[in-house]
Amino acid sequence: MMSAAQNDLITRIGPGAPAGTLLRHYWQPAALAVELEGDRPIRPVKLLGQDFVLFRDENGKLGMLDRDCPHRGADLAFGRLEDGGLRCPFHGWLFDVAGTCLETPAEPAGSRLCERIRQASYPVVERSGIIFAYLGKGEPPAFPELDCFIAPDSHVFAFKGLIDCNWLQALEVGIDPAHASFLHRFFEDGEQDEAYGRQFRATSADSDMPMTRVLREFPCPEIRVETTDYGLQLIALRQIDDASTHVRVTNVLFPQAFVIPLSGEMTITQWHVPIDDTSCYWYAIFTSFTGPMNKEQMRAQRLELYTLPDYRPRVGRFNDYGFDPYEQHNRTYTGMGEDINVHDQWAIESQGPIQDRTREHLGQTDKGIVAYRRLLVAAIEQATNGLTPKMVLDPAQAAQIQGPSTMDGVGPSGEWEPYWRAVDQERRTSAPWAPKRKTA
């Protein structure tokens, strides 16, 4: 258990809050690139408890500014894209992507007011279908050379979804290897030709066992956690018999992402990004190590659950997560349909807007969560004391952070570690985009 003060320390992310100070040291996903497509590429963004307007100007340059106009506080998300920037409809004040005030047209001729006006602006960059923003002080860190950032656009797909709870409990479900055997249990295995793009549906490498069967029949994994330069590596071992063991390797990408296998073909890199203290978005980049991504199919699958323009789930606490007691008895462990995002959403939202960790009782299966919280607290202390926390990288350091490796396969029980490393290495080196990676 932890105290209420300790819980606040690791969950609250507003300006000046200790965890908020830490998260402002990193690039944060702010929007999907597709959200700035169309005739009016302007989006309001709420991120880490602050309100911004994100836009692409007439020349295609990205900008993100504080949302309230510095004149009298009108909402710049309703602005006009014209004349080299974003113009406030209230009095016509015009700002470029750097926050420079270009015009104050209602002022008398010869006025130099605009020379003294500047709107707060924030660095933004597009990577693999996501627009990242930096809200911190000084120069932003370098991007690590992760697979999802090295692979070309043809081999990545990005999506997001809204979650109605604190970011930390949303992240922690993804670093819990044991829960999948229960929360995501299916009583029957699906057809493999329907597994593309769906979590826990594909057949594990070097076996004829779909992941649904592995999770269902072997619910008590041995969990190993190792600290790495990028965060944590988690290995879940499920012994099938004396000769073979199922190996699943996942990762915590500090401070707020995880990297997991979707199938032998794809990995998922997923961030949990606070909107405010009691809501967040998950942002995911799916990376293919084989052929180009079928983006139309991936998007269609996910839009079965999420609605545009805000990527709100179609099911939630407002309709009992689609719960069906007949289904719970006959088809799935939760009775909440076959999309695992719904299962996760129920698990974390039912903990409350901010989980009360003073009431929890952790067990051996929670060792990854315990290790992550220790990293988080240490990094918060470093950030609040003016030190450089983990994964704030310069270019040389960023070049060393690659992968990270993931795995879902069945190998020899006595040689499971060299087995999974060899399978991962083969997949990585045979990827059609592997030559794009720089030599560290």
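Think of each chain on its own: its residues are numbered from 1, step by step along the sequence as written. In keeping with the predicted nature of the model, local features appear solely for residues at pLDDT of at least 70, side-chain atom pairs appear and are counted solely at 80 or more, and the whole-chain, interface and lining totals rest on all residues. Side-chain measures here rest on the full set of heavy atoms in the structure, leaving out hydrogens and waters.

The protein chain has the name Aromatic ring-hydroxylating dioxygenase subunit alpha in an unreviewed UniProt entry, where Gluconacetobacter sacchari is given as its organism.

## Quick word on the overall build of the protein chain
Our working definition: Only DSSP runs of H or I with at least four residues qualify as helices, and only runs of E with at least two residues qualify as strands; both kinds are numbered from the N terminus onward. Here the radius of gyration uses the C-alpha set of atoms, whereas the globule reference equals 2.2 Å times the residue count to the power 0.38. For every residue, the accessible area (1.4 Å probe, protein chains only) is compared with the maximum for its type, and the residue is labelled buried under 20%, exposed over 50%, or partly exposed between those bounds.
The helix and strand inventory of the protein chain stands at 12 helices and 23 strands. The C-alpha radius of gyration of the protein chain comes to 23 Å, within 12% of the 22 Å expected for a compact globule of 440 residues. Dimensions along the principal axes, computed over C-alpha positions, put the protein chain at roughly 85 × 50 × 45 Å. When the 440 residues of the protein chain are sorted by exposure, 55% land in the buried category.

## Remarks on the sheet that holds strand S1 (residues 27-32)
The line we're drawing: Two strands pair under a simple rule: DSSP has to find at least two bridges between them. Every axis corresponds to a line fitted to the C-alpha atoms, with the helix fit spanning only the stretch in contact, and the corresponding angles, defined between N-to-C directions, vary from 0 to 180 degrees.
Ordered in space as S1-S11-S10, the 3 strands form an open sheet in which the pairing is antiparallel. Across the chains shown, the open sheet's two edge strands, defined by having one partner strand only, are S1 and strand S10 (124-127). On average, each strand axis in the sheet is tilted by 35° relative to the strand beside it, whichever way the strands run. Inspection of the sheet shows S1 paired to strand S11 (residues 130-134) by 5 bridges, in the antiparallel sense.

## Concerning the sheet that holds strand S9 (residues 121-122)
With antiparallel pairing, 4 strands are arranged side by side in an open sheet as S2-S3-S4-S9. Whereas interior strands pair on both sides, the edge strands pair on one side only; in this sheet they are strand S2 (42-47) and S9. By the bridge criterion, 2 bridges tie strand S4 (residues 62-66) to S9 in an arrangement that is antiparallel. Bridging across to S9, Leu 65 finds its partner in Ser 121.

## What to know about the domain arrangement of the protein chain
Note: interface size is frequently given as the accessible area lost on complex formation between the parts. Note the threshold: Each domain's extent was defined by an automatic or database domain assignment. What makes two residues a contact is simply this: any of their non-hydrogen atoms within 4.5 Å. Throughout, the accessible surface (probe 1.4 Å) given up by two parts as they are put together, summed over both, is called the buried area. The working definition used for a salt bridge is a side-chain nitrogen of Lys or Arg within 4 Å of a carboxyl oxygen of Asp or Glu.
When cut into domains, the protein chain gives domain 1 (27-134) and domain 2 (145-430). Measuring from the centre of the C-alpha atoms in domain 1 to the corresponding centre in domain 2 gives 34 Å. Across the boundary between the two partners, domain 1 contributes 17 residues, which contact 19 residues of domain 2. Summed over both partners, the interface of domain 1 with domain 2 comes to about 1,400 Å²; 61% of that surface belongs to carbon and sulfur atoms. The three residues of domain 1 that bury the most area against domain 2 are Pro 29, Leu 32 and Ser 128, which together make up 35% of that side's buried surface. At the boundary of domain 1 with domain 2, the tally comes to 2 salt bridges.

## Quick look at helix H7 (residues 295-303)
Inclusion rule: The arc refers to the directions leading from the helix axis to the C-beta atoms.
Every buried residue belonging to H7 is among Met 298, Gln 301 and Arg 302, and all of these are buried. Around the axis of H7, the buried residues are gathered within 90° of arc, so they sit on the same side. As for H7, its buried residues are in contact with strand S13 (156-163), strand S18 (266-276), strand S19 (279-288) and strand S20 (306-307).

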